[in-house]
Amino acid sequence: AAGGLDRVVRVWNLDKAEDEPSTTIDTAGAIRCLAFAPGNAHLAFWAGEDFSAAPIEIVDCPMHSHRKKLSGHNHSVQGLAFHPKGDRLLSIGADDVLRVWDVETESELMRWKAAGRHSSGARLAFSPDGRYAISAGKHTVCVWNGCPK
């Protein structure tokens, strides 16, 4: 999947090896970040303008239907990562606040304030066992313990 300033998420079916995307999703703003859940069950993305409070959107794959919205960030979302089980989503906003979301209930489970400056170029990941969330920013890497199972 790819997205950009043209406000369209494009999804390709790699099994078909076609040049044109198999699906396009129109959004309300520029695509700033996106992530697939393990097994490609969901695609999460954030589309908005700098420092806006638009929700994170999640669509079911492969039909890209049933949009879920995760609202809570007060600024633009800079990074997304799915938990290894695919049922949790990690996000970081321009205010350097990380949030863990329950994908099914669309609710926030936890939040942390990142040390240092993370938002510009932030990278997020879960450990393979899903127990830790990792955030990396300019000159700072943080490991967060106690992620909900």
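Our structure is the block above this text.
Fair warning: this is a prediction, and the values are worked out from it, not measured in the lab. (Residues numbered from 1 in each chain as written. Predicted model: local features only at pLDDT ≥ 70, side-chain atom pairs only at ≥ 80, totals over all residues. Heavy atoms only, no water.)

Enquirer: Talk me through the overall build of the protein chain; I want residue IDs and the actual numbers.
Expert: Secondary structure assignment for the protein chain yields zero helices and 14 strands. Secondary structure elements of the protein chain, listed N to C terminal, follow the sequence β-β-β-β-β-β-β-β-β-β-β-β-β-β. The C-alpha atoms of the protein chain give a radius of gyration of 15 Å, which matches the 15 Å a tight globule of 149 residues would have. Summarising its shape, the C-alpha atoms of the protein chain cover approximately 40 × 30 × 30 Å along the three principal directions. For the protein chain, the proportion of its 149 residues judged to be buried stands at 46%. Residue pairs in contact within the protein chain that sit at least 24 positions apart in sequence constitute 34% of those at least 6 positions apart. When the accessible area of the protein chain is evaluated, it comes to approximately 7700 Å², of which 51% is carbon and sulfur surface. Positive and negative side-chain charges in the protein chain, numbering 17 and 18 respectively, have mean positions lying 7 Å apart. (Helix = DSSP H or I, 4+ residues; strand = E, 2+ residues; numbered from the N terminus. Rg over C-alpha atoms; globule rule 2.2 N^0.38 Å. Buried < 20%, exposed > 50% of the residue type's maximum accessible area, 1.4 Å probe, protein only. Contact = heavy atoms within 4.5 Å. Areas by Shrake-Rupley, 256 points an atom, 1.4 Å probe, with all protein chains shown as cover. Lys, Arg positive; Asp, Glu negative; His and termini not counted. Charge placed at Lys NZ, Arg CZ, Asp CG, Glu CD.)

Enquirer: Any chance you could break down the side chain of Lys 68 for me, citing the residues and the numbers?
Expert: Note that Lys 68 resides in strand S7 (residues 65-70). On the accessibility criterion, Lys 68 (4% relative accessible area) is buried. Engagement of the side chain of Lys 68 in a polar contact is seen with the side chain of Glu 104, the distance being 3.5 Å. Not counting chain neighbours up to four residues away, the residues in contact with Lys 68 comprise Ile 56, Glu 57, Ile 58, Val 103, Glu 104 and Glu 106. (Polar contact = N/O pair within 3.5 Å; in protein donor to acceptor, adjacent residues only side chain to side chain.)

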